[in-house]
Amino acid sequence: MQRIHAVVLAAALLAACVQMPQTAEEFRKAVPGAMMTKTETYEVSRGMKDVAATFRRKAPECLNIAVRTVSQTTTSYQNILTEYKPTVVVTAERAELHVQQHHKTGVIYPSKPPEGGTYIMVADAYPLPGNRTRIQLYGPSKGYDMLYRAIRGWATGDNLGCPDMTKIG
């Protein structure tokens, strides 16, 4: 039993030494080498200004929410309140959509999360010739397909619906 406690303590100490990305730029740099993450690139037939305007309109409407998840088994009970925070940054070079999540209850963080919560996705939109835009996404490889689809729909302008954030993760 003491051996198990020593292993758990060692794992907790190691996790505490790992700093989670504190900015969108740190997140972009961390994703390509991290487990269970991916990058995705595609082009859309809309100008960057239109994509940016859609990000500005849809992100707060759809992603500035809180979701409560409750699960119970015979051996455990979880009550997790997760707040999502979108941020849109637009410059002449690109439009950025950052999505953060902060577990207000039910989750213990191994290190200090950034202000606003841990980054779960960053979408960058770059202008291309011919009124086209290149989208570069950084995020988890599993469990967030609805969010990926929503961002693609916003970028193309084909689907302006909101993802069901109760099914994320």
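Our structure's up above, just so we're on the same page.
A brief look at the structure comes next. The shown structure was predicted, so the numbers you read here are calculated from the model rather than taken from an experiment.

What counts and what doesn't
Residues numbered from 1 in each chain as written. Predicted model: local features only at pLDDT ≥ 70, side-chain atom pairs only at ≥ 80, totals over all residues. Heavy atoms only, no water. Helix = DSSP H or I, 4+ residues; strand = E, 2+ residues; numbered from the N terminus. Core = buried A, V, L, I, M, F, W, Y, C linked by side-chain atoms within 4.5 Å. Buried < 20%, exposed > 50% of the residue type's maximum accessible area, 1.4 Å probe, protein only. Contact = heavy atoms within 4.5 Å. Pairing = 2+ DSSP bridges. Axes fitted to C-alpha atoms, helices over the stretch in contact; angles between N-to-C directions. Expected span 1.5 Å × (residues − 1). Disulfide = S-S within 2.5 Å.

## With respect to unusual backbone geometry
And step 1. The phi dihedral of M36 falls on the positive side, at around 60°, and the residue is not glycine.
And step 2. One can find M36 in the loop between α2 (24–30) and β1 (37–44).
And step 3. Look at N131: it is not a glycine, yet its phi comes out positive at around 55°.
And step 4. Mapping N131 onto the fold places it in the loop between β5 (118–128) and β6 (132–140).

## Observations regarding the nonpolar core
Nonpolar side chains in soluble globular proteins tend to end up buried together.
And step 1. Membership of the largest hydrophobic core comes to 29 residues, with the highest contact counts inside it found for L147 and I151.
And step 2. Of all the secondary structure elements, the ones that give two or more residues to this core are β1, α3 (48–63), β4 (95–105), β5, β6 and α4 (145–156).
And step 3. With seven residues, α3 is the largest single contributor of residues to this core.
And step 4. Setting aside residues no more than four positions away along its own chain, L147 makes contact with L63, V99, I120, M121, P163 and I168.
And step 5. Residues A24, Y119, V122 and Y138 belong to the second largest nonpolar core, which totals six residues.

## As for the sheet that holds β1
And step 1. Across the sheet, six strands lie side by side as β1-β6-β5-β4-β3-β2; this open sheet has antiparallel pairing. Looking at the sheet topology across the chains shown, the edges are occupied by β1 and β2 (66–72). Neighbour-to-neighbour, the strand axes of this sheet turn through a mean angle of 15°, independent of strand direction.
And step 2. Across the sheet, α3 touches β1, β3 (77–90), β4, β5 and β6, and the angle it forms with β3 is around 155°.
And step 3. Relative to β1, α4 is tilted by about 20°, and along the sheet it contacts β1, β4, β5 and β6.

## Here we look at α4
And step 1. With twelve residues, α4 extends 16 Å between its outermost C-alpha atoms, agreeing within 8% with the 16 Å of an ideal straight helix rising 1.5 Å per residue.
And step 2. Taken residue by residue, α4 has L147, Y148, A150, I151, G153, W154 and A155 as its buried positions.
And step 3. Along its buried surface, α4 packs onto β1, α3, β4, β5 and β6.
And step 4. Looking one or two places after α4, you find G157, whose phi comes out positive at around 85°.

## With respect to the state of the cysteines
And step 1. Counted by the stated rule, this structure contains one disulfide.
And step 2. With its sulfur 1.8 Å from that of its partner, C62 forms a disulfide with C162. As the torsion about the S-S bond is roughly -60°, the C62-C162 disulfide counts as left-handed. One end of the pair, C62, is in helix α3; the other, C162, is in the segment after α4, and 100 residues separate them in sequence.
And step 3. The exposure class of C62 is buried, given its relative accessible area of 4%.

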